[in-house]
Amino acid sequence: MPKAALVTRNIVKRMYEFAISRQVANHNPAQQLVARFIATQESRTRVLTPDETGSMLRSICASDMGRPYKLALHLLVITMVRKSELIECEWSELDLDKCIWRIPAERMKKDREHWVHLSGQAVAMFKELRTLSHSERYVFPMGRSYGDKPIAKSTLNQAMRAMNLDIQHFVLHDFRRTASTHLHEMGQSSDAIEKALAHSIKGIKGVYNRAEYADERRKILQLWAEFVDAQINEDRKVVIGNFSQAA
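Residues numbered from 1 in each chain as written. Predicted model: local features only at pLDDT ≥ 70, side-chain atom pairs only at ≥ 80, totals over all residues. Heavy atoms only, no water.

Trainee: Pulling in residues and values, what's your account of the packing of helix α3 (residues 67-79) against helix α10 (residues 214-233)?
Mentor: Between two packed helices, what matters for the description is the angle formed by their axes and the separation of those axes. Interaxial distance between α3 and α10 falls to 9 Å at its minimum, and their mutual angle equals 130 degrees. It follows that α3 is oblique to α10 by the angle criterion. Each of H74, V77, I78 and T79 in α3 lies in contact with α10, whose residues at this interface are L221, W224, A225, V228, D229 and I232. For the contact of α3 with α10, a count of residues per class yields 7 nonpolar, 2 polar and 1 charged. (Axes fitted to C-alpha atoms, helices over the stretch in contact; angles between N-to-C directions. Helix = DSSP H or I, 4+ residues; strand = E, 2+ residues; numbered from the N terminus. Parallel < 35°, antiparallel > 145°, perpendicular 65-115°, else oblique. Contact = heavy atoms within 4.5 Å. Nonpolar A, V, L, I, M, F, W, Y, C, P; charged D, E, K, R; others polar.)

What follows is the structure in structure tokens.
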């Protein structure tokens, strides 16, 4: 029962987040219920297989969801950032000539500025999004009638649920674990992967190791984007073209 109560609280919380984003509610009563006082979420271990990753992104590309959302979901996979970090991204944070996305400390979970070393695929997608966006501030703005605000936190989740994909027990945050798992299996540097995920390196090693691993992070994010591309293009039954170009 406690876990069912927690699930219900989370659903109500998301409903009110959506209502507030649409300006039909002023506050979120579920916000007053602290999750840890209801029940403890079980630790998630879900990792998408390469086939599931390719199948999911082919389905997204072939769906009728808006092009910006398709690009957002693909960027969520290949940049390894958290959903909130992506949907609240501002144009001022991006230096596409230098392939750098600087996420300010106030938007990061650990309150530390985080640099994402963008792959060529990610740069191409952000450039396309610039041609699609009506906002001078946000990469993923809400509709013009809602003012200059980013899309709601629930938007990408709703877009995924509407597709009814046959992929079990998956949430968007699992993209990060998926990337980490496969990059480790490829033999990439664990410390560089942790830095790319904006995780702290634990223990004595973390205290003394202040390296940011910029070159390695650049390499692994490009490697990961190419790995994801390979999974998408593996099934030639679905013609999707180049994912970084407009469909």
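Trainee: Go over the environment of D51 with me, naming the residues and quoting the values.
Mentor: Take D51: it is sitting in helix α2 (residues 50-62). Given the relative accessible area of 53%, D51 is considered exposed. Distance from D51 to V228, taken between C-alpha atoms, is 9.9 Å for residues 177 residues apart in sequence. (Buried < 20%, exposed > 50% of the residue type's maximum accessible area, 1.4 Å probe, protein only.)

Trainee: If you had to explain the nonpolar core to someone new, which residues and values would you point to?
Mentor: W101 and F126 are the most contacted members of the largest nonpolar core, which totals 55 residues. Setting aside residues no more than four positions away along its own chain, F126 makes contact with L75, L86, C89, W91, L94, L96, W101, L118 and V139. (Core = buried A, V, L, I, M, F, W, Y, C linked by side-chain atoms within 4.5 Å.)

Trainee: Mind laying out the confidence of the model for the protein, listing which residues take part and the relevant values?
Mentor: Any residue range with low pLDDT should be treated as having predicted coordinates unsuitable for detailed reading. Taken as a whole, the protein shows an average pLDDT of 84; of its residues, 83% reach a score of 70 or greater. Taking the mean pLDDT of every element in the protein, the minimum, 47, falls on helix α9 (residues 203-208) and the maximum, 98, on strand β1 (residues 94-95). Within the model, pLDDT remains below 50 along residues 206-210, and this stretch shows 3 contacts once partners closer than five positions in the same chain are excluded. In the predicted structure, residues 235-247 sits below a pLDDT of 50 and forms 24 contacts with residues beyond four places in sequence or in another chain. (pLDDT = per-residue confidence, 0-100.)

Trainee: How would you explain the packing of aromatic side chains if you had to name every residue and give the values?
Mentor: For any pair of aromatic rings, the description consists of the separation of the ring centres together with the inter-plane angle of the planes. A complete count under the given rule lists 3 aromatic pairs for this structure. Relative to F227, the ring of W224 has its centre 5.4 Å away and its plane inclined at 15 degrees; by these criteria the two rings are stacked. Placement of both W224 and F227 in helix α10 is noted, with a separation of 3 residues, approximately one turn of the helix. On the accessibility criterion, W224 (0% relative accessible area) is buried. The cationic tip of R130 hangs over the ring face of W91; the distance from NZ or CZ to the ring centre is 4.5 Å. (Phe/Tyr/Trp six-rings, centres within 6.5 Å; stacked < 30°, edge-to-face > 60°. Lys NZ or Arg CZ within 6 Å of the ring centre and 35° of its normal.)

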